[in-house]
Amino acid sequence: MAGYKVLVIDDSPFIFKAVKRALEPNGFEVVDNAPNGKIGVEMYDKYQPDVITLDVTMPIMDGIETAKALIARAPDVKIIMLSAMGDESLHSQAREIGVKQFIRKPFKPDELLEKVNSLLGE
Amino acid sequence: MSEVLELKDHLIKTCEEFLPRKGIRFSFIKEKAENTLNSGDPINLLVGLSKGMEGNFVVGMSKKAALYVICGMTNQEEVFSIDNIARNSLCDFVAAICGQTLAKVPTKKLISLSSPTLVTGERICLMISKTPARKCFFRMNDTNFTIAYNIEGEL
Amino acid sequence: MLREIALITEKAFQEVSIELLETEFLPGKRFIIDFPFKVAIIIGITGSATGRLYLECDLETAVKVALIMNFGERLDEPNDVYTYLAEFGNMISGRATTYMTDKFKNKEFRLSPPAIFSGKGLETLSPRIKSKMLYFRGKLGKFFVDIGFEEEHQ
């Protein structure tokens, strides 16, 4: 999956590093890290990434609101939602707005890679 | 979209309404943005918020200020030590200040406070959010106290 | 309910430690908490029950955890220890809350953002709550975990 661009929208520097370490050795380019959804939407416009990893709990604009804003801009946008909580109501809410993949924190590199490849393969 | 709340005016109003009733004289000194990690007071009272408004609220004080608060909250002339009843009264104090301040924010969102926690020690540092918090400095009788917060909500 | 939540918290702590840090912490007998310089993570709980989750370790253990989370690389700033510990606490509380929601289907649990305190002779107290204390030991050090709720929610 060489050359695909990934944008990380997460207020945790640890997650940004974890995503880079999982995906960059596999040919992905992790273009940037937005610390909240508002900046994330701006960075989406700037980078036009192929995949976005999106945290649920963030200041200013949370993951659900950010996903809505991104999907409104680009209905085909590929989002993996990350959360320390994995309850079904959150997943249902996200699925309803068009998020197709979820991953629970902490995640293994292989796990993230598999989900990103699955999204891109669709 | 939620926004970081500016609570200085509401805090001052709450203190004006609440502290004199407890026999505590106070005055507002200043408010400033704090670094993410900042130094704390010897006695700190933390309340967390979630759901409609999310964040943390910390009242920091010296032992002297704490004794004044305990006197006021328990309706005593003088208090010399901090026992269990005193600790409870300090927790009631932070819950009252936090709750009454946030009740002044024009929002339809529910305010849910967690259980207050009392944290004491020396050379305390605290980090209540990943983004810089705001801290209000007050004078209380002949000592000081602070209120630090980083709270987001939808208005 | 508190006993069940304590077991859930114990499970969440151990799982996240293994998944994130690749290190095992074993629950065990009470130990005397004599850390000279402590780091404490406090996460408020609201919703169907009001309480808080509390995690505590010494600074040396906190640094070891942060270094592992930084993939063995030197921390950019000393304060990053606290950022990483907050993230660690967040994952544990998130995992525990998920299990609590699954277990108690008619209840909702919400978390406040983590607050980190560090200091010499740090002591904490939540007078209104009844809690269960958990003690963990591992090669990185010791952790004390306390989960509790206000009496009306027991």
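Thresholds applied
Residues numbered from 1 in each chain as written. Chains lettered and ligands numbered in written order. Predicted model: local features only at pLDDT ≥ 70, side-chain atom pairs only at ≥ 80, totals over all residues. Heavy atoms only, no water. Helix = DSSP H or I, 4+ residues; strand = E, 2+ residues; numbered from the N terminus. Rg over C-alpha atoms; globule rule 2.2 N^0.38 Å. Buried < 20%, exposed > 50% of the residue type's maximum accessible area, 1.4 Å probe, protein only. Areas by Shrake-Rupley, 256 points an atom, 1.4 Å probe, with all protein chains shown as cover. Lys, Arg positive; Asp, Glu negative; His and termini not counted. Charge placed at Lys NZ, Arg CZ, Asp CG, Glu CD. Pairing = 2+ DSSP bridges. Contact = heavy atoms within 4.5 Å. Buried area = accessible area lost by both parts, 1.4 Å probe. Salt bridge = Lys/Arg side-chain N within 4 Å of Asp/Glu carboxyl O. Polar contact = N/O pair within 3.5 Å; in protein donor to acceptor, adjacent residues only side chain to side chain. Nonpolar A, V, L, I, M, F, W, Y, C, P; charged D, E, K, R; others polar. Core = buried A, V, L, I, M, F, W, Y, C linked by side-chain atoms within 4.5 Å. Phe/Tyr/Trp six-rings, centres within 6.5 Å; stacked < 30°, edge-to-face > 60°. Lys NZ or Arg CZ within 6 Å of the ring centre and 35° of its normal. Expected span 1.5 Å × (residues − 1). Arc of directions from axis to C-beta.

A. Representation of the overall build of chain B within the structure. A tally of regular secondary structure across chain B gives three helices and nine strands. In chain B, the order of α-helices and β-strands from amino to carboxyl end is β-α-β-β-β-β-α-α-β-β-β-β. Taken over the C-alpha trace, chain B has a radius of gyration of 15 Å; the compact-globule value for 155 residues is 15 Å, and the two agree within 12%. Each principal axis of the C-alpha distribution contributes one length, and for chain B these read about 45 × 30 × 30 Å. Per-residue burial over chain B gives 54% buried out of 155 residues. Of the accessible surface of chain B, which amounts to about 6700 Å², a share of 48% is contributed by carbon and sulfur atoms. Taken as two groups, the 19 positive and 17 negative side-chain charges of chain B have centres that lie 1 Å from each other.

B. View of the pairing of strand 7 (residues 141-150) of chain C. Residues and elements named next belong to chain C. Counting buried residues along strand 7, nine of its 10 residues qualify, which places the element largely inside the surrounding structure. Sheet topology places strand 3 (residues 51-58) next to strand 7; six bridges connect them, and they run antiparallel. Along strand 7, the bridge assignment pairs Tyr-54 with Asp-146. Note that strand 6 (residues 129-138) and strand 7 share 10 bridges and pair antiparallel. Within strand 7, the position partnered with Tyr-135 by the bridge is Phe-144.

C. The arrangement of the interface of chain B and chain C in detail. On the side of chain C, 35 residues touch chain B, which itself brings 34 residues to the contact. In total, chain B and chain C occlude about 2800 Å² of area from one another, counting both sides; carbon and sulfur atoms represent 57% of this. For the interface between chain B and chain C, the tally reads two salt bridges. With its nearest N and O atoms 2.2 Å apart, the salt bridge here joins Arg128(C) to Asp92(B). Counting across the interface, chain B meets chain C through 12 residue pairs in polar contact (both at pLDDT 80 or more). Class assignment for the residues of the side of chain B that touches chain C results in 15 nonpolar, 12 polar and seven charged. As paired elements, strand 7 (residues 117-127) of chain B and strand 5 (residues 115-125) of chain C share seven bridges and run antiparallel to each other. Paired with Cys125(B) across the strands is Ser118(C), a residue of strand 5 of chain C.

D. Representation of the nonpolar core. Counting 68 residues, the largest nonpolar core has Val19(A), Leu23(A), Leu112(A), Phe13(C), Leu85(C), Phe88(C) and Phe143(C) as its most contacted members. Broken down by element, this core gets its largest block of residues, 11 residues, from helix 3 (residues 80-103) of chain C. Leaving out residues up to four positions away in the same chain, Phe88(C) has contacts with Phe13(C), Val16(C), Ser17(C), Leu20(C), Leu21(C), Val65(C), Met69(C) and Phe143(C). Counting 41 residues, the second-largest nonpolar core is a separate cluster that includes Val47(B), Val105(B), Phe145(B) and Ile147(B).

E. Region of interest: the packing of aromatic side chains. For the structure on display, the rule yields 17 aromatic pairs over all chains. Centroid distance Phe25(C) to Phe143(C): 5.4 Å. Interplanar angle 85°. Geometry classified as edge-to-face. Of the two residues, Phe25(C) sits in strand 1 (residues 25-27) while Phe143(C) sits in strand 7, which places them 118 residues apart along the sequence. Take Phe25(C) and Phe143(C): they sit in the same class, and that class is buried. Note that Lys30(B) overlies the ring of Phe137(B), its terminal NZ or CZ placed 5.2 Å from the centroid. For the cation-ring pair, Lys142(C) lies above Phe31(C), with the distance from its terminal atom to the ring centre recorded as 5.0 Å.

F. Broad picture of helix 5 (residues 109-121) of chain A. Residues and elements named next belong to chain A. With 13 residues, helix 5 extends 18 Å from end C-alpha to end C-alpha; this agrees with the ideal 18 Å at 1.5 Å per step. Those residues of helix 5 not exposed but buried are Leu-112, Leu-113, Val-116, Leu-119 and Leu-120. The arc that holds every buried residue of helix 5, seen down its axis, measures 130°, which confines them to one face. Exposed side of helix 5, more than 90 degrees from the buried face: Asp-110, Glu-114 and Gly-121 are the residues found there. In the core, the buried residues of helix 5 are packed alongside helix 1 (13-23), strand 3 (51-55), strand 4 (79-83) and strand 5 (101-104).

Nothing here speaks to function; it is all geometry.
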